[in-house]
Amino acid sequence: VMPSIALAQGIGRIGCLLAGCCYGKETDSFPSITFYDSAFAPNGVPLIPTQIYAVCWISFISSFFFSCKEEKGGGQIAACYLCFYSLGRFILEFFRGDLLRGSVGILSTSQFISIFTGAGGLILLAAVPLCLPACLRLANALETPFSSSKNKKYIAAARKKLASAGCIKIGITGSFGKTSVKNFI
């Protein structure tokens, strides 16, 4: 799920580029982007393309996680995303030019939030392997009454159907037995 969320966030940053919000500081170096009809960015001024940098960073993270999502599990991808995105966002904020987004001391609001989001990701990364077995046991304990109630209904319906059909009942055990005779029954 997390790689898809990252990809969606990258698409959202393309929306920022098209709208002209979340723009960078004024620059006379390459690369730069100049808006001519933006309600947000200063028009006719070359700016650092922070939206493009954000899309590139998020795309990199997303493609990395898409490539390794089968190897990790139990929230590790989400925790890593929080860490990596926070790091990129913290750095990118130094190049942003839209000053109306607020600040906390010398940091922008987004940098301040990134510190806690990154720390939360590190905590999750450390805690998930420790907490996952307990969470799975709890989820199983909460779900067991519902599934056993449902299973009893299915078993009763199957017994009723078998009794009314007058079938000869045979038992097949083991994976090989079920696989080898399933086309004959």
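Check the entry above for the structure.
Residues numbered from 1 in each chain as written. Predicted model: local features only at pLDDT ≥ 70, side-chain atom pairs only at ≥ 80, totals over all residues. Heavy atoms only, no water.

1. Notes on unusual backbone geometry
Heads up, the rule is: By the criteria applied, helices consist of DSSP H or I runs no shorter than four residues and strands consist of E runs no shorter than two, each listed in order from the N terminus.
Here the amide bond leading from phenylalanine 30 into proline 31 is cis, since omega sits at -5°, within 30 degrees of zero. When you line up the elements, proline 31 lands in the loop between α1 (2-19) and β1 (33-34). One non-glycine residue, cysteine 22, adopts positive backbone phi at about 55°. Looking at the element boundaries, cysteine 22 is found in the loop between α1 and β1.

2. So, the state of the cysteines
For clarity, the cut-off: When the sulfur atoms of two cysteines come within 2.5 Å, that pair is taken as a disulfide. The classification of residues rests on relative accessible area computed with a 1.4 Å probe and restricted to protein chains. Under 20% of the type maximum is buried, over 50% is exposed, and intermediate values are partly exposed.
Counted according to the given criterion, the structure contains zero disulfides. Just so you know, cysteine 21 is unpaired, no disulfide at all, and the nearest cysteine sulfur is the one on cysteine 16, 3.8 Å from it. For cysteine 21, a relative accessible area of 23% gives the class partly exposed.

3. A short note on the packing of aromatic side chains
What counts is decided by this rule: Here a Phe, Tyr or Trp ring, Trp counted by its six-membered ring, pairs with any other such ring whose centre lies within 6.5 Å, and the pair is stacked when the planes are under 30 degrees apart, edge-to-face when over 60, and tilted otherwise.
For the structure on display, the rule yields four aromatic pairs. Taken together, a centroid distance of 5.1 Å and an interplanar angle of 70° make the contact between phenylalanine 112 and phenylalanine 116 edge-to-face. Here phenylalanine 112 pairs with phenylalanine 116, and both are found in helix α4 (residues 109-165), just four residues apart, close to one helical turn. When its relative accessible area of 33% is taken as the criterion, phenylalanine 112 is described as partly exposed. Its relative accessible area of 54% is what places phenylalanine 116 among the exposed residues.

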